[in-house]
Amino acid sequence: MDWPRERTGRILAAAYLAGFVATLIGIVWTLITQWTGGSGPQMVVGGVFFAAGLLALFAVAFALRDRGAAESRESAWRKTERVWHRLALGRELRAAVQLLRG
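The structure contained in this document is the topic of the report that follows.

## What about the side chain of threonine 80?
Right, so step 1: Of note, threonine 80 is situated in helix α3 (residues 76-88).
Right, so step 2: In contact with threonine 80, not counting residues within four places along its chain, are Phe58, Ala61, Phe62 and Arg65.

## Quick notes on the packing of aromatic side chains
Right, so step 1: Applying the stated criterion across every chain, the model contains 5 aromatic pairs.
Right, so step 2: Taking the centre distance of 6.0 Å and the plane angle of 45 degrees together, the rings of tryptophan 3 and tyrosine 16 count as tilted. Highlighted residues: tryptophan 3 in the segment before α1 (7-35) and tyrosine 16 in helix α1, separated in sequence by 13 residues. In terms of burial, tryptophan 3 and tyrosine 16 fall into one category: buried.
Right, so step 3: The interplanar angle of 45 degrees and the centroid separation of 6.0 Å between the aromatic rings of phenylalanine 58 and tryptophan 77 together place this pair among those described as tilted. With a gap of 19 residues between them, phenylalanine 58 in helix α2 (residues 40-63) and tryptophan 77 in helix α3 connect regions that are remote in the sequence.
Right, so step 4: Under the relative-accessibility criterion, phenylalanine 58 is labelled partly exposed at 35%.
Right, so step 5: Judged by relative accessible area, tryptophan 77 falls into the exposed class, the value being 57%.

## Quick notes on the packing of α1 against helix α4 (residues 93-101)
Right, so step 1: Direction vectors running N to C along α1 and α4 enclose 130 degrees, while the axes themselves pass 9 Å from each other. Relative to α4, the element α1 lies oblique. Between α1 and α4 the crossing geometry is left-handed. Listed contacts from α4 to Gly9, Arg10, Ala13, Ala14, Tyr16, Leu17 and Phe20 of α1 are Leu93, Ala96, Val97, Leu99, Leu100 and Arg101.
Right, so step 2: Each residue belonging to the contact of α1 with α4 can be placed in one class, and the counts come to 10 nonpolar, 1 polar and 2 charged.

## So, the nonpolar core
Right, so step 1: The biggest cluster of nonpolar side chains holds 14 residues, and the ones touching the most others in it are Trp3, Tyr16, Val60, Leu64, Leu87 and Ala96.
Right, so step 2: Looking at this core, the elements with two or more residues in it are α1, α2, α3 and α4.
Right, so step 3: It is α1 that contributes the most residues to this core, 5 residues altogether.
Right, so step 4: Setting aside its immediate chain neighbours within four residues, alanine 96 contacts Trp3, Ala13, Tyr16 and Leu17.

Calculation rules
- Residues numbered from 1 in each chain as written.
- Predicted model: local features only at pLDDT ≥ 70, side-chain atom pairs only at ≥ 80, totals over all residues.
- Heavy atoms only, no water.
- Helix = DSSP H or I, 4+ residues; strand = E, 2+ residues; numbered from the N terminus.
- Contact = heavy atoms within 4.5 Å.
- Phe/Tyr/Trp six-rings, centres within 6.5 Å; stacked < 30°, edge-to-face > 60°.
- Buried < 20%, exposed > 50% of the residue type's maximum accessible area, 1.4 Å probe, protein only.
- Axes fitted to C-alpha atoms, helices over the stretch in contact; angles between N-to-C directions.
- Parallel < 35°, antiparallel > 145°, perpendicular 65-115°, else oblique.
- Left-handed = near helix turned anticlockwise from the far one by under 90°.
- Nonpolar A, V, L, I, M, F, W, Y, C, P; charged D, E, K, R; others polar.
- Core = buried A, V, L, I, M, F, W, Y, C linked by side-chain atoms within 4.5 Å.

Written out as structure tokens, the structure reads:
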């Protein structure tokens, strides 16, 4: 995928990394809470991290939808979906880190 090289690209890369990490924290937090028999409020914290991470990933996918390798006649939603899958699977982690490092 082609990340923007200007300031916008760095902001999107930072949002992507923060969203990906928040999603992972939410998953791990929820699993640990389930294994230890935690209460409802502890589960809510994990759910909030997970939901916030997914929202951040969707926002980045929406912003990058025209930069992914896709056919020109694909709908905007299909382009967003394609980019979402690459982001959610972590296939763009290396590119995002390299972009942030300069």
